[in-house]
Protein chains: 2
Amino acid sequence: MRVEGRKRKILEAIILDYIATGEPVGSRTIARRYNLGVSPATIRNEMADLEELGLIEQPHTSAGRIPSDLGYRYYIDCIMERYELSSAEKEYIRQRFEQKMGEIEQVLADATGLIAELTSYAAVALGPYQGRAHIQQVQLLYVSPGKALLVVVTSNGLVEHHLFSVPRGVIRAELNYLSRLLNERLQGIVLEDIKPSLLNSIYQELLATEHKQLCSLVIELLEELGNLKREARIFLDGTLNLFEQPEFRNIERVKGLLCILEKSDALRELFAEGPPAGLRIKIGRENKNEEINNCSILTVTYEINGEVIGNVGVLGPTRMNYSRTISVLEYVARELSQALEKLCG
Amino acid sequence: MRVEGRKRKILEAIILDYIATGEPVGSRTIARRYNLGVSPATIRNEMADLEELGLIEQPHTSAGRIPSDLGYRYYIDCIMERYELSSAEKEYIRQRFEQKMGEIEQVLADATGLIAELTSYAAVALGPYQGRAHIQQVQLLYVSPGKALLVVVTSNGLVEHHLFSVPRGVIRAELNYLSRLLNERLQGIVLEDIKPSLLNSIYQELLATEHKQLCSLVIELLEELGNLKREARIFLDGTLNLFEQPEFRNIERVKGLLCILEKSDALRELFAEGPPAGLRIKIGRENKNEEINNCSILTVTYEINGEVIGNVGVLGPTRMNYSRTISVLEYVARELSQALEKLCG
DNA sequence: TTTAGCACTCGGCTTATTAGAGTGCTAATA
DNA sequence: TATTAGCACTCTAATAAGCCGAGTGCTAAA
C-alpha cells in the first residue's frame, strides 16, 4: 500500500492530532490547524478514501476519524519522522547511568524508572537473560552450625544466593573443599549447558570424595543452579502513569491492565518474544491479549559485548507518542548497554 | 461512653449490615433482618440517639445510616466478638508455612500473599527490622580480576550482597585474609552498634596490615554494612483486591490509593509506627493521610525468639470485616513467627 | 414507652430535549 | 476534472424534567 501526496499529509495530520488531543479529528479541524490549502470538503473526500483503505475509522457516524491499528502501523513504518532528543535530555539520561554503579539488577531497575519518567507510560525491563552467561564463581559459605549459604556469580554480574540447612556436623573446611571442587567443575560453564548428565557426573565425583551426608545438600544446590537461567527477571515502573491517560478513565479497563501487569508470566510473554535484536512494536490488536486491545507495546533489546541479554520497553495507549517513545527507548537502551558493559564486561 | 441494651444491638446491626452490603442501613431493614422485637419507628428513635452520640451518620437526609469512624472504633473496642477461623483455614495457613522453607524474604513475601488471599484486601509486610540483628558472617569473594563480592549474613537470616570493583591486582588470598579479619572484628556485632568509631578502628587496623590499595574498598564496604539496618523492606500484595470493593469504583480514589501503595516511604510510615507488640488498628481519618480517609489499616507484629522484628498488615476500606481480618492477621503472624524461628533461631 | 401513620426529603433512574460537531451528497464553480 | 459551498441528516453528550422508592422525623394514639 502506498499513500502519497495530500492523502499522506492528511493521514499524518489525523494521527498527530489524535495523538495530541485524544479526540476524533474532523475535517474542519484539519483544515484549520494544518494548512493544506484545501477546504474541509476536499479533506472529507480524502478521508473517505483513507477509511476505505482501513487506515482510519469512525467511532460513530457523526464523529471525526481516529487512526486504526493499521493506520498507526503505516504511520510508524512509512511516514513518521525520527524524534530527536534534546541534548539536555540526552545529557540527563547519560548522567543517570553514570551515578552510582551498583549491581546489574539495580541498574535495570533504575533504567526502568528512567523510561517511565521520560515517556509517561508504564515501563518494563526483562532480563538479564542468563542462558548464555557462564558461571564465574561458586562458593559455599559457612554461616552457623547447620546453616550454609550458596553464592553464585555469573558473567553477567548477577548474584544468586541461597541459604540452606546442612547436617549440623558440617564444618567450614568441608564447605571450602566443596567450593573448590565445584568451582573447578563449574567455572566457565554456560548456564544452558548445565544438564542432568553434567550434574550427575559431578554428583558421582562428590560422592566418591566427600563426607556422605553432604550429598543431599549437593543435589539441592545443583537444582538451584539449574533454576538460575530459567526465567528472566521483571522490573516494572510507572504503572501509575497510565492513569493519567484519558483512555483509562474506565475502571474496568484499568483493572484488566493492572491484572496483566501483576502477572509476571503474562508480562514476560508480552515483552519477551521478538526479533533477535533492536526495536519491536506491537500495536493494539497485534497483541493477542484482549485486555490490552487499546495499548501498544514497544521494546528494544540491550546487550553486553554485542550479545543481546534482555529488553526494555513501554506499555502505553495505542494513541501513543511513538516517535518520542522510540527515541527514548533506543537512547536508554544504548546507554544501558554501555553501562552494563562497563559493569560486567 | 457506654452504649447498652437495645441501642447497642442496633448499633451492632447497623455496622454488621453495612459491612456486609455497603449500603446505608435503614430502620426497616434492621427491623426485618435482625429481629429485635420492636418496630422501625422505635429503631428510628434509637438511631437518632446514636447519631447524636456520633456513632453513626447519614450520607444525606433520605438515606439510611452508616457507621462513623467513631462508630467502628466503639464497635471494635467494645462490641465485636472474636471471629474464629475454621479449622480448615487454620490448617491451610499452617500448611502454607510448612512447605518450602526458603530465605526469610521469601517467607515474608509468601506471608503477604497469604494474607491478601485470605482477607481480600491489600496486604503489606515490613521487615525484618535489622537493628537488633547481629552479624553472623562476613565474606569477601573473589569474582574476577578487578571484581569482588561482599556477602553479609545476619542473625535474622537476611543475606545482603554487593558486587564492587577492586584494584586489578587484588588476589583471592588477600580477600580471604581480609574476610578473616573482618569476621573477627564484626562477627556477633549488633547492626545498631556499627558506628563511625568502630568503623574507624577497623579501618586503622586494616591500613596497618593490609595492601594499601584495598583501603578505599574497605571504606566502601563498611558503608554498605551501615546501610543494612537502615530501612525495613516492604512486601506488598493483593493491591488488585481493592478494586473489587465498591467504594473504589471512583478512579480518583484508586489513583490516590495506588499512589500511596507505590511510595515505600509513605507505606513505611503508615504501617511501621505502632505499639511495641501486637495488634494496631487505625480507622479512617485516624490515619493522617488524606488519600486513605476511607480506609483502615490493621497491623500485627511478628517476632523471632520473643523479639519484635517487623509487622504484617492489611489496608482495606473502612467498611472492613474487622473481626475476620484480625483473626487472620493474628493467626498468620503467629505461624510466621514460628516459621521464622525455625528458620533463623 | 412504643408504634402506626403520614407528610416530606432527596438521590438516582429514566426519559425527553437540545446543542453541537461532523458527515455525505449534490450542485455549482474554477 | 478537481474543488468547494451549501445543506440535510445523524449521532453523541449534556442538560433538564419527572418519577420512584427508600428513608426520615413528627405527631398522636395505644
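Model, not experiment: these values are computed from the prediction.

Cut-offs applied
Residues numbered from 1 in each chain as written. Chains lettered and ligands numbered in written order. Predicted model: local features only at pLDDT ≥ 70, side-chain atom pairs only at ≥ 80, totals over all residues. Heavy atoms only, no water. Salt bridge = Lys/Arg side-chain N within 4 Å of Asp/Glu carboxyl O. Buried < 20%, exposed > 50% of the residue type's maximum accessible area, 1.4 Å probe, protein only. Near = heavy atom within 4 Å. Polar contact = N/O pair within 3.5 Å; in protein donor to acceptor, adjacent residues only side chain to side chain. Helix = DSSP H or I, 4+ residues; strand = E, 2+ residues; numbered from the N terminus. Nonpolar A, V, L, I, M, F, W, Y, C, P; charged D, E, K, R; others polar. Least-squares fit on C-alpha atoms with pLDDT ≥ 70 in both. Contact = heavy atoms within 4.5 Å. Pairing = 2+ DSSP bridges. Axes fitted to C-alpha atoms, helices over the stretch in contact; angles between N-to-C directions. Domains from an automatic or database assignment. Buried area = accessible area lost by both parts, 1.4 Å probe.

Draft legend 1. Summary view of the pattern of salt bridges. All names here are of chain A. In this structure the tally under the stated criterion is 46 salt bridges over all chains. Close ionic contact of Glu-4 with Arg-8 constitutes a salt bridge, the shortest N to O distance being 3.9 Å. Close ionic contact of Lys-90 with Glu-84 constitutes a salt bridge, the shortest N to O distance being 2.9 Å. Its relative accessible area of 56% is what places Glu-84 among the exposed residues. Ionic contacts of the salt-bridge type, sharing partners, join the residues Arg-6, Lys-7, Glu-46 and Asp-49 into one network.

Draft legend 2. Spotlight on the protein's contact with DNA strand C. As a matter of local geometry, DNA strand C sits amid 22 residues, with A:Ser27, A:Arg65, B:Thr42, B:Thr61 and B:Ser62 nearest to it. When atoms of DNA strand C within 4 Å of the protein are sorted by moiety, sugar and phosphate together comprise 75%. A distance of 3.0 Å separates a phosphate oxygen of DNA strand C from a polar side-chain atom of A:Arg65. Of all elements in the fold, only helix H2 (27-33) and helix H3 (40-52) of chain A together with helix H3 (40-52) of chain B reach the threshold of two or more residues within the surface near DNA strand C. Per-element accounting of the surface near DNA strand C gives the leading share, four residues, to H3(B). Looking at the surface near DNA strand C residue by residue, the classes come out as four nonpolar, 14 polar and four charged.

Draft legend 3. Fine view of the relation of the copies chain A and chain B. In screw terms, the move from chain A to chain B is a rotation of 179° and a rise of 0.0 Å along the axis, fitting with an RMSD of 0.1 Å. The two molecules are tied by a two-fold rotation axis, judged by turn and shift. Among all residues of chain A, the minimum C-alpha distance to the rotation axis is found for A:Ile251, at 3.0 Å. Mapped onto chain B, 100% of the interface residues of chain A are again interface residues, and the two copies thus contact each other with one and the same surface.

Draft legend 4. Spatial organisation of the sheet that holds strand E7 (residues 234-237) of chain B. Residue and element names in this part refer to chain B. Strand order in the open sheet made by the five strands is E7-E3-E10-E9-E8, with antiparallel pairing throughout. In the strand order of this sheet, the two ends are held by E7 and strand E8 (279-283), each with one partner. Within the sheet, the average angular offset between the axes of one strand and its neighbour, ignoring direction, is 15°. Examined bridge by bridge, strand E3 (residues 122-126) and strand E10 (residues 307-317) share five bridges and lie antiparallel to one another. Looking across to E10, one finds that Ala-125 is bridged to Val-312.

Draft legend 5. Representation of the environment of B:Ile56 within the structure. All names here are of chain B. By the element assignment, Ile-56 lies in strand E1 (residues 56-57). For Ile-56 and Ile-15, which are 41 residues apart along the polypeptide, the C-alpha to C-alpha distance reads 8.9 Å. With near-sequence residues (within four places) excluded, Ile-56 lies in contact with Leu-11, Ile-14, Met-47, Leu-50, Glu-51, Arg-65, Ile-66, Pro-67 and Ser-68.

Draft legend 6. View of the domain arrangement of chain A. Residue and element names in this part refer to chain A. Segmentation of chain A into domains returns domain 1 (5-79), domain 2 (87-129 + 232-344) and domain 3 (135-228). Centre-to-centre separation of domain 1 and domain 2, based on C-alpha positions: 29 Å. Listed as interface residues are nine residues of domain 1 and, on the opposing side, 11 residues of domain 2. A combined buried area of about 870 Å² lies between domain 1 and domain 2, and 63% of that area is made up of carbon and sulfur atoms. On inspection of domain 1 and its partner domain 2, the count reaches one salt bridge.

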